[in-house]
Amino acid sequence: MSVVSETPAQAADRPDPTGVRAAQLVERLGEVRRRIAQACVRTGRDSDEVSLIAVTKTFPAEDVRTLAGAGVLDVGENKDQEARSKRDRLTTEFPGQYSSVRWHHVGVLQRNKCRSVMTYAAAVHSVDRLSLVRTLGAEADRAERTMEVFLQVSLDADPGRAGAPAEQVAELADEVAATTGLTLAGVMAVAPRNADPGQAFARLADVSGRLRADHPAAVGMSAGMSADFVEAIEHGATHLRIGTALLGGRPPTLG
Ligand SMILES: *Cc1c(COP(=O)(O)O)cnc(C)c1O
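Each value, and the rule that gives it
Residues numbered from 1 in each chain as written. Predicted model: local features only at pLDDT ≥ 70, side-chain atom pairs only at ≥ 80, totals over all residues. Heavy atoms only, no water. Helix = DSSP H or I, 4+ residues; strand = E, 2+ residues; numbered from the N terminus. Buried < 20%, exposed > 50% of the residue type's maximum accessible area, 1.4 Å probe, protein only. Lys, Arg positive; Asp, Glu negative; His and termini not counted. Salt bridge = Lys/Arg side-chain N within 4 Å of Asp/Glu carboxyl O. Contact = heavy atoms within 4.5 Å. Near = heavy atom within 4 Å. Polar contact = N/O pair within 3.5 Å; in protein donor to acceptor, adjacent residues only side chain to side chain. Areas by Shrake-Rupley, 256 points an atom, 1.4 Å probe, with all protein chains shown as cover. 1 Å grid on protein atoms, 1.4 Å probe; cavity = no way out; pocket = protein on both sides within 12 Å on 5 of 7 lines; lining within 4 Å. Sits in = over half its atoms within 2 Å of the grid points. Nonpolar A, V, L, I, M, F, W, Y, C, P; charged D, E, K, R; others polar. Pairing = 2+ DSSP bridges. Right-handed = clockwise from strand over helix to strand, strands pointing away. Phe/Tyr/Trp six-rings, centres within 6.5 Å; stacked < 30°, edge-to-face > 60°.

Student: How do you make sense of the side chain of D228 when you look at a structure like this?
Tutor: Structurally, D228 is set in the loop between strand 7 (220-222) and helix 9 (229-234). No salt bridge is formed by the buried D228; its nearest oppositely charged neighbour, R241, is found at 6.8 Å. Setting aside its immediate chain neighbours within four residues, D228 contacts A191, P197 and F201.

Student: What exactly am I supposed to notice about the site of the ligand here?
Tutor: Every residue near the ligand is listed here: V55, K57, V106, M188, M225, S226, R241, I242, G243, T244 and R250. Taking K57, its side chain carries an N or O atom lying 2.6 Å from an oxygen atom of the ligand. Contact between the ligand and R241: a nitrogen atom at 2.9 Å from a side-chain N or O atom of the residue. In isolation the ligand offers 390 Å² of accessible surface; the protein chains occlude 88% of this area. The site holding the ligand turns out to be the largest pocket. Looking at the shell around the ligand residue by residue, the class counts come to five nonpolar, three polar and three charged.

Student: Just to check I follow, could you spell out the pattern of salt bridges for this structure?
Tutor: Side-chain pairs of opposite charge can arise where the charged atoms are in close proximity. Summed over the entire model, instances satisfying the criterion amount to 15 salt bridges. Note that K86 is salt-bridged to E77, the shortest N-O span being 2.8 Å. The class for E77 is buried, based on a relative accessible area of 1%. Connected via shared salt-bridge partners are D74, R102 and E148.

Student: I keep staring at the pairing of strand 2 (residues 74-77) and nothing clicks. Help me out?
Tutor: Neither face of strand 2 is exposed, since D74 and G76 on one face and V75 and E77 on the opposite face are all buried. With two bridges connecting them, strand 1 (residues 51-55) and strand 2 associate as parallel partners. Within strand 2, the residue paired with A54 across the bridge is V75. Handedness of the crossover joining strand 1 and strand 2 through helix 3 (residues 61-69) is recorded here as right-handed. In terms of strand pairing, strand 2 meets strand 3 (residues 102-105) through four bridges, oriented parallel. Bridge pairing in strand 3 places V75 opposite W103.

Student: Can you help me understand the packing of aromatic side chains in this one?
Tutor: In this description, an aromatic ring pair is defined by two values, namely the gap between the centres and the angle between the planes. Under the defined criterion, the tally for this structure stands at one aromatic pair. Where F94 meets Y98, the ring centres are 5.7 Å apart and the plane angle is 85°; that geometry is what we call edge-to-face. The class of F94 is buried, set by a relative accessible area of 16%. Among the residues examined, Y98 registers a relative accessible area of 16% and is labelled buried.

Here it is, written out as structure tokens:
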């Protein structure tokens, strides 16, 4: 067997008879939780206001099981097909056991995937344009459900990157609020590369404050990844999206 050519998903999808992988995940989870708790204490925040979303993209359903078994019931994925296949696998192999896992869509979302995402996701963190709000709203109605929506804000000047400019957030928020099938959860951002994440999250906190003036229930702030979740907590993040620090590195092309 050529271990070298395996992707992390394939490698981790091999049976884990000795429980080495599971033990590694549980250990990293303990470390991440410890750092979250410390940051909360230091900034005077209640750790109940901070949810950990394990971003399991490129890693197998088995890892989702392990993390769920350790109490992580929020899981993030950035590709519809991959998320759906993991969800289906857990549902088929372990009927009823993982029904409390909440799937979060955290990546770019194409309108033609909205119907599929509606079948399993609890929340979409990457809503950044009116056309997407409208399609998600129509699909939520069709599925007779509600979907939680975070508005993704672009914190850098690069128009090629995901997220709406801060000036468009109010309009998007009003549209979400006026859509019966959607619930406005709050804002989301990814800190720009090569910039101080603290400054970026301070700007996001500012956008969040303005949003809450019009939509008081939209208190969510989805911010913070493996490299910057402490700064995100300091600036008020309510949902941390953490992959690498829990699951390990991903090949660059897949992450
Ligand atoms: C991959 C991803 C994450 C997790 O990133 P890590 O650096 O591995 O923690 C968080 N948010 C989004 C939108 C992602 O695509």
